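Observations on chain architecture
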Amino acid sequence: MFSISRRGLATLALATGLTATLAATGAFAADVTINIGYQPIVEPSRVPQADGTYEAATKAKINWKKFDSGADVIAAIASGSLDIGYVGSSPLAAAASRELPIETIALVGLIGEAEALAARNIAKPEDLVGKKIATPFVSTGHYSLLTALKHWNIDPKSVQILNLRPPEIAAAWSRGDIDAAYVWDPVLAEIKKSGTVLATSADVAQWGGPTFDAWIVSKDFATKHPDLVAAFVKVTGDATAAYRSKPEAWNAGSPQAEKIARLTGAKQDEVPALLKGYIFPTLEEQAGADLLGGGTAKAVAQTSAFLKEQGKIPGTLADYSPYVSNHWVKDAAKLSF
């Protein structure tokens with residue numbers, strides 16, 4: 001079962017020699033360009049992104065493109081304009097249900113207090129009836145909002161749910177146009193200053209709706225460039241390991257906090273607290289049965305079933321395992337740069 005408690009590679013015949021090959025040649029296709037879609041979310045891999053570590057590890061040119069929602073990332077991958085993208089579990093489930101040729105290559109974080117429903121002048125859930133609630137549609141926030149409403153026995157039709165991206169939510173909140181929003185940091189951190197949190201995604205996980213963020217890849221790109229994908233996952237995992245080994249070093253005055261703030265728009269002094277809103281699993285943890293080894297695919301199936309029940313997707317699949325794999329984190333763990 002997917003747990004939120006605290007604590008193909010088609011040429012896999014080459015896997016046993018992958019590490020040695022990369023170390024010996026240091027050679028990737030220098031003429032390859034990787035188009036990567038990221039979201040301005042406070043998490044460890046913003047640091048190697050700022051440092052150019054991904055470029056150094058892959059020996060490739062990288063076009064970093066910023067997106068404000070996972071739905072937009074999915075659309076870009078579907079159009080062929082992205083190779084690798086950062087998405088939440090809800091847009092991932094929607095994309096897999098449409099049989100988009102993608103694969104989950106690494107988890108970023110299991111979402112806890114980093115996403116929440118914040119409301120203004122509303123003290124209890126039942127007071128949401130008749131109010132305007134903003135969230136990006138088909139996002140993890142949207143899924144969590146619907147799960148929370150179901151938990152509270154509130155009919156979604158009794159509230160006005162607006163499809164707004166995080167920057168639009170921030171603007172609408174400041175103008176007083178909305179009463180509540182289910183959104184993530186750093187926008188969440190701002191609206192909480194004048195709002196009351198009614199539920200976090202840690203709460204929603206306990207109610208049966210765990211959510212997570214992940215990196216996905218176009219299967220076509222992964223088939224053509226498995227070495228680049230493995231290197232990308234390795235750099236991402238190293239960033240997580242660095243944070244996990246010494247989180248206190250990522251304090252408000254640290255270079256890490258500065259880089260994360262620069263790429264996300266978060267206030268630098270708030271970065272340490274925002275990082276605590278996630279549980280960041282290591283590559284080794286991700287490879288296990290609770291996560292990419294089985295639990296994640298079950299969570300995607302569960303999310304898909306809920307989205308279908310809510311009328312957000314037309315149908316579900318019998319098996320979501322083709323869209324989730326733990327072999328990338330296993331291959332990445334063998335690499336050394």
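An account of the accompanying structure is given in this report.

The rules behind each value
One numbering rule holds for all chains: residues counted from 1, following each sequence as written. Only residues with pLDDT of 70 or above have their local features reported here, since the model is predicted, and side-chain atom pairs are shown and tallied only from 80 upward, although totals for entire chains, interfaces and linings are computed over all residues. With hydrogens and water stripped out, all remaining heavy atoms of the structure feed into the side-chain values. Burial here depends on accessible area, computed with a 1.4 Å probe over protein chains only, as a share of the maximum for the residue type. Under 20% is buried, over 50% is exposed, and the range in between is partly exposed. Helix and strand assignments follow DSSP, with helices taken as H or I runs no shorter than four residues and strands as E runs no shorter than two, numbered in order from the N terminus. When DSSP finds two or more bridges between two strands, those strands count as paired. All axes here are fitted lines through C-alpha atoms, helices being fitted over the stretch that makes contact, and every angle between N-to-C directions spans 0 to 180 degrees. Contact definition: two residues touch when any of their heavy atoms are within 4.5 Å. Only protein atoms enter the calculation, which uses a 1 Å grid: trapped sets of points that fit a 1.4 Å probe without letting it out are cavities, open sets showing protein on both sides within 12 Å along at least five of seven lines are pockets, and any residue with an atom within 4 Å of a point is a lining residue. Grid points are joined across faces, edges and corners, and a volume is the space filled by probe spheres set on the points. In this classification, the charged set is Asp, Glu, Lys and Arg, the nonpolar set is Ala, Val, Leu, Ile, Met, Phe, Trp, Tyr, Cys and Pro, and all remaining amino acids, among them Gly, are polar.

**A short note on the pairing of strand β10 (residues 212-218)**
Burial analysis of β10 places seven of its seven residues in the buried class, which makes it a mostly covered element. Burial of the side chains of β10 extends over both faces: Phe-212, Ala-214, Ile-216 and Ser-218 are buried on one face and Asp-213, Trp-215 and Val-217 on the other. Bridging between strand β3 (residues 84-88) and β10 involves five bridges; their strand directions are antiparallel. Directly across from Gly-85, in β10, lies its bridge partner Ile-216. Bridge count for strand β4 (residues 102-111) against β10 is seven bridges, and the pairing is antiparallel. Across the sheet, residue Glu-103 finds its bridge partner in β10, namely Val-217.

**Brief notes about the sheet that holds strand β6 (residues 132-135)**
Pairing is mixed across the open sheet formed by five strands, whose spatial order is β7-β6-β8-β5-β9. For this open sheet the edge positions go to β7 (160-163) and β9 (196-200), each flanked by a neighbour on one side alone. Across the sheet, the mean angle from the axis of one strand to that of its neighbour is 25°, orientation sign disregarded. Note: β6 against strand β8 (residues 180-184), two bridges, orientation parallel. For Ile-133, the partnering residue across the bridge sits in β8 and is Ala-180. Against the sheet, helix α6 (residues 140-151) makes contact with β5 (115-119), β6, β7 and β8, and its axis sits at roughly 130° relative to β8, the strand it touches most. Here helix α7 (residues 166-175) sits on the sheet in contact with β5, β6, β7 and β8, set at roughly 145° to β8.

**Concerning the sheet that holds strand β11 (residues 278-279)**
The strands that make up a sheet are held in pairs by hydrogen bonds between backbone atoms, and each pair lies either parallel or antiparallel. Strand order in this open sheet of six strands is β2-β1-β3-β10-β4-β11, and the pairing throughout is mixed. The open sheet has two edge strands, β2 (61-66) and β11, and neither has a second partner. Relative to β3, strand β1 (residues 33-38) runs parallel, the two sharing two bridges. When the bridges of β3 are listed, Ile-36 appears paired with Ile-84.

**Things to note about the layout of surface pockets**
In this structure, the largest pocket encloses a volume near 260 Å³. Lining the largest pocket are 18 residues, with Pro-40, Pro-166, Pro-186, Val-187 and Thr-264 sitting closest to its centre. Elements with a contribution of two residues or more to the lining of the largest pocket: α7 and α8 (187-191). Among the elements that line the lining of the largest pocket, the one with the most residues is α7, at three residues. The residue makeup of the lining of the largest pocket, split by class, is nine nonpolar, three polar and six charged.

**Observations regarding the environment of Ile-36**
Mapping Ile-36 onto the fold places it in strand β1. Spatially, the C-alpha atom of Ile-36 lies 9.4 Å from that of Val-73, the residues being 37 residues apart in sequence. In contact with Ile-36, other than residues within four places in its own chain, are Ile-62, Asn-63, Trp-64, Lys-65, Leu-82, Ile-84, Trp-215 and Phe-232.

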